[in-house]
Amino acid sequence: MTQPQACLDGDAENHGVSPERGVLRKGMLRPAASAHASGQEQEDGLREVTLATQRLRVLPLAVLSNPVLETLDLDRNKLRTITGISKLCNLKKLVLSKNEIVDFPDEIQSLVCLEKLELNQNQIRVIPEGVFAHLPRLKHLRLNNNRLSALPRDLAACQGSLQYLNISHNLFRTFPQPVLQLARLQELHVQNNALRQLPRDLFQGQSLKTFKANGNPLREPPSEVCAGGIPQIRNYFNQLQHSLGQEDRRVKTMFLGASLAGKSTICKSLKQGQANLVPKEERTVGIEISEFQIEDFTFLFWDFAGQLEYYMTHHVFITPQALVILVINLHMYQTNDRTFKELVGFWINNLSMRVPNSVVLPVGTHVDCCREEEVEEKTHDIMAKIMAMLAERKSNVAHFIDNLEGSEEPEFYVDQWERLKEMESCTLTILNLVPVNCTDDRDIRKLEATILEHVKNEELFPEVIRVLPPVYRQVEAAIVDIAQSEEMADHGMMDLQYLLSKLSQCEHLATLDRELLQDILRYLHRIGLVVWYEEIKHLESTVFLQPTFLITMFKLLVRYHLVQQLENISVDTLIGEHATIRDRSNWVWTFKSKAMLCHRAVRALVKHQLCLEGMQDIFEEIMGHGPHRGKGKLFSLLKHFELCLEVRHAEALNPQASEFVPGKRWETTRGHGESWYLFPTYLNQTEEVSEVWGGDHPEDLHIRAYFSPEIPEGFFQRFLVKACSFYSTHWVAKETCLLVYNGKPLLIKENNQRAYSYLELRGRKPAGRTGFQFAWDFLMAAVLIIQKLAKAWPGLHVCVKSPCRTAGCPAELVWPDMDGTNAMTKEDVKTCGTCGHRFGTELLLPKVPRQLEEQPVQPSAHYYVTSYGTTTFGSSSIHVNRQVRRLPSPLAQGSTRMARLILSPCS
């Protein structure tokens, strides 16, 4: 990567510990050393000592000579041994996480009062017998992120006390049997090991409340069952008690690639076992789903349309544990970087971010239009460029890790380091490209044999085999029969309770109850056979027996050539929605210029397209009854997946507004104006946002969130929806967004260049302590939204940096790990290692300054006045000092409150 290196360092402070010798300096135990502290306060200070992030290599003597010590935090140091710890016979809590411990410390067995022990993020391989037998009070044990493959038998000695155990991110291949004897265990984490089977006995008792096992190649129970939590796992094993499990060999297969690559042709040819060319006019619109059998494997084919407009919905359905067939038109492919990026690189990049452990089989099509040597040349070029991409990504990740490890204070970047190490361990497996002549039956059969060979490889697909109770297969077969029956409508939607009644009519399912059906539906939803969004309020009672209709709902408004669809709305449809041809012209103009549609326009557009699909009978169910009552299923889906934002046109006056009384809370009144919907995917880049912002100032608070390898397609649009749903005053464009809260602006700009992808965040420099608190809370709220959204891309690295404030200096300060508060550093001054200039820390990191000199007042900015900036039709000359409409919770009350405000509604 070509990003500037982090060169800003804090001024040297007396931290109380010498990194070289690890000895306690005067003033370290501040609570006990205060001259004004009472005897009780001094005693409390001696009972609890925190020495985190001090680069200790040995334990300070002052700590080891403290016989009343009960809590010792040694997190994020450089300890390899803890010699002398046995002297602390009253110790109840010991934190040794994120150190350099390889050999388990035997002296811990002397800490007979110990209740909480944390040894996570070390390099421990073996725990000797005889330690836990001496820890009868141990309640909490963290051993995650080590190199363990077994646990000592005497862990069972803690059966009467241990309540929390975390052994995730280790090397367990079989479930450790001592855990089964922990009768009081309430929370267990075994994620990211190599477990294939879980013991039934683990779930027989009632004490276990929380269990996490994702990231294991589980067969019994399958990971899709484990995702449903303890009740579903328990029901799964209860069903297996009545009958033997059946092996289910199922592979979700996703066909990706650019438009007209031949995905549908490959998909249908494989289904029929012979060449089956699909005409251009029958190409996929959205996603098409089908199922077929090869030997004893069931393949669930998902054929994704290639147009970029559809990718906003594609990523929702691109899931791990699937075979990805990347279809490339070799006739269109040219051996240059531009064509590679368009036809291949875009998909590889997004797969490496979205499903970084997936298996990709490149398939070259249209070889009948190429010479033999041309096919070989292009095949070699594609594979070489893909390997170069992956090597570059691996090199970049290693570079980021080296930077953090080589920094002067690596202990402040442990969370970021761990995320990068997880990314480093992920491998996007690229199989050899298979060139296919889609007109030749022999090539289709050769491709089929290649696919079968790969899915039989357990190293590539360890979870392809799942053990299921017979009732799971019986319900699945019955649902398929119902979906294919003549009485089933084309849309395939069915009420959950009605589905239960239909299934109960089957003789072998007469005893099926609602709870078991819901468990099975969750499993079928996760493997992609049906769709049931129980987490969406308006869809919790609706099951999509045919997921293709769900895609149809998406493509009603997220589709290729949507403007033409608007222009083609029939006069009869307009009349039915009480609209005119003039209204239709206004809808088209507003959509082209602002990417917005009013509620009537959406209703008319959806009705028009449903008529073309022959599904006009379900219009009211999808859109809600009446033009202003209810939003229906479609808007519930679009809102859930952050594809559109509801905004409201601000009227000049609201006669129904309540009277404003100074000093009392003003109860806002929801207007009765027509709702509008913003679709960020269709935004244009306009100058309006920049004009409202008024230009960058050298004194602005300024940070950047860097993305590696790049900002995912659709990420910024999802950010817009999420951020603008919290801040009702906003202006948006394709690559920029301006949020306003309490009259204070925050500008977010997207820059997505190769090796230089970032979101830039700018706010005006405040004039006082309260102003800095508010300004950093506002910036942190946006950063938290970015980080929350980034979790949907496991192969994506996001790093926040603050540029040096000296004009022309390329240095940037890498932000330390964020713990949900603004307390990132105690330093008051930062010095740039490149230009040597010193700055107040509050100008670079979230911090409230201790003292502020009087600053000259900057001229205030001009803003449009509206509750929803995107719906402003025309400008205003009014000077805004505060926002028209406020959120209920003031941000100035603290970053913790801000974090809850922002994150609690996130899906």
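All of these numbers come straight from a predicted model, not from anything done at the bench.

This paragraph deals with the overall build of the protein. Check the secondary structure of the protein and you find 25 helices and 31 strands. Taken across its 907 residues, the protein has 55% of its residues classed as buried. Counting only carbon and sulfur atoms, one obtains 48% of the accessible surface of the protein, whose full area is about 40500 Å².

Time to look at the nonpolar core. Within the largest apolar cluster, 227 residues are counted, with the highest numbers of intra-cluster contacts made by Leu94 and Phe211. With 14 residues, helix α24 (residues 769-790) is the single largest residue contributor to this core. Excluding residues that lie within four positions of it along the chain, Leu94 makes contacts with Leu72, Leu74, Ile85, Ile108, Leu111, Leu114, Lys116, Leu117 and Glu118. Counting residues in each nonpolar core, the second largest holds 30 residues, with Leu270, Phe297, Phe299 and Val327 among its members.

Where helix α12 (residues 470-484) contacts helix α13 (residues 496-504), the two axes come as close as 10 Å, and the packing angle between them is 105°. It follows that α12 is roughly perpendicular to α13 by the angle criterion. For the pair α12 and α13, the contacting residues are Val475, Ala478, Ile479 and Ile482 in the first and Leu499, Lys502 and Leu503 in the second. Classifying every residue of the contact of α12 with α13 by side-chain character gives six nonpolar, no polar and one charged.

This brings us to a positive patch on the surface. On the surface, Lys92, Arg137, Lys139 and Arg184 cluster together into a positively charged patch. Locating Lys139 in the fold gives a position in the loop between β5 (116-118) and β6 (140-142). Residue class for Lys139 comes out partly exposed when judged on its relative accessible area of 40%.

When two helices pack together, their arrangement is given by the angle between their axes and by how far apart the axes lie. Contact geometry of helix α9 (residues 372-406) with helix α10 (residues 414-425) gives a least axis separation of 10 Å together with a crossing angle of 155°. Judged by the inter-axis angle, α9 sits roughly antiparallel to α10. Handedness of the α9/α10 crossing: left-handed. From α9, Arg393, Val397, Ala398, Phe400, Ile401, Leu404 and Glu405 reach across to α10, where they touch Gln416, Trp417, Leu420, Lys421, Met423 and Glu424. A per-class count over the contact of α9 with α10 returns eight nonpolar, one polar and four charged.

Turning next to the sheet that holds strand β9 (residues 210-212). What links the strands of a sheet is backbone hydrogen bonding, and the strands pair in either a parallel or an antiparallel sense. The strand order β2-β3-β4-β5-β6-β7-β8-β9 describes an open sheet built from eight strands, whose pairing is parallel. Of all strands in the sheet, those bounded by a partner on one side alone are β2 (48-50) and β9. With direction set aside, neighbouring strand axes in the sheet form an average angle of 5°.

Before going further, it helps to spend a moment on the confidence of the model for the protein. Of the residues in the protein, 82% reach a pLDDT of 70 or more, and the chain-wide mean stands at 81. Residue range residues 1-37 is modelled with pLDDT below 50. Its contacts to residues more than four positions away, or to other chains, number 86 contacts.

Let us look at the side chain of Ser802. Here Ser802 shows up in strand β28 (residues 797-803). A relative accessible area of 1% places Ser802 in the buried class. Of the polar contacts made by the side chain of Ser802, one reaches the side chain of Trp815; its length is 2.7 Å.

Another aspect to go through is the sheet that holds strand β29 (residues 812-814). In space, the seven strands of this open sheet follow the order β24-β25-β26-β27-β23-β28-β29, with antiparallel pairing throughout. In this open sheet, the two edge strands, each paired with only one partner strand, are β24 (729-732) and β29. Neighbour-to-neighbour, the strand axes of the sheet open up by a mean angle of 20°, direction not taken into account. Strand direction decides the pairing type here: strand β26 (residues 744-753) and strand β27 (residues 756-763), joined by eight bridges, are antiparallel. Looking at β27, one finds that Asn751 is bridged to Tyr758. Relative to strand β25 (residues 736-741), helix α23 (residues 715-726) is tilted by about 15°, and along the sheet it contacts β23 (701-708), β24, β25, β26 and β27. Strand contacts of α24: β23, β25, β26, β27 and β28, with the helix running at about 10° to β23, the strand carrying the most contacts.

Applying the stated criterion to the full structure yields 46 salt bridges. Here Asp817 and Arg76 are joined by a salt bridge, their closest N and O atoms 3.1 Å apart. With Asp817 in the loop between β29 and β30 (829-832) and Arg76 in the loop between β3 (71-73) and β4 (93-95), the pair connects residues that are 741 residues apart, well separated along the chain. Arg76 matches Asp817 in its accessibility class, with the two residues each being buried. The partner of Arg522 in a salt bridge is Glu534, and the shortest N-O contact between them spans 2.6 Å. Placement of the pair is Arg522 in helix α14 (residues 514-527) and Glu534 in the loop between α14 and β19 (542-544), with a sequence separation of twelve residues.

Residue placement: Glu827 occurs in the loop between β29 and β30. Judged by its relative accessible area of 7%, Glu827 is buried. Side-chain polar atoms of Glu827 contact the side chain of Lys830, separated by 2.6 Å.

So, how was this worked out
- Residues numbered from 1 in each chain as written.
- Predicted model: local features only at pLDDT ≥ 70, side-chain atom pairs only at ≥ 80, totals over all residues.
- Heavy atoms only, no water.
- Helix = DSSP H or I, 4+ residues; strand = E, 2+ residues; numbered from the N terminus.
- Buried < 20%, exposed > 50% of the residue type's maximum accessible area, 1.4 Å probe, protein only.
- Areas by Shrake-Rupley, 256 points an atom, 1.4 Å probe, with all protein chains shown as cover.
- Core = buried A, V, L, I, M, F, W, Y, C linked by side-chain atoms within 4.5 Å.
- Contact = heavy atoms within 4.5 Å.
- Axes fitted to C-alpha atoms, helices over the stretch in contact; angles between N-to-C directions.
- Parallel < 35°, antiparallel > 145°, perpendicular 65-115°, else oblique.
- Nonpolar A, V, L, I, M, F, W, Y, C, P; charged D, E, K, R; others polar.
- Patch = residues over 30% accessible without salt bridge, like charges linked within 9 Å, V, L, I, M, F, W, Y side chains within 5 Å.
- Salt bridge = Lys/Arg side-chain N within 4 Å of Asp/Glu carboxyl O.
- Lys, Arg positive; Asp, Glu negative; His and termini not counted.
- Charge placed at Lys NZ, Arg CZ, Asp CG, Glu CD.
- Left-handed = near helix turned anticlockwise from the far one by under 90°.
- Pairing = 2+ DSSP bridges.
- pLDDT = per-residue confidence, 0-100.
- Polar contact = N/O pair within 3.5 Å; in protein donor to acceptor, adjacent residues only side chain to side chain.

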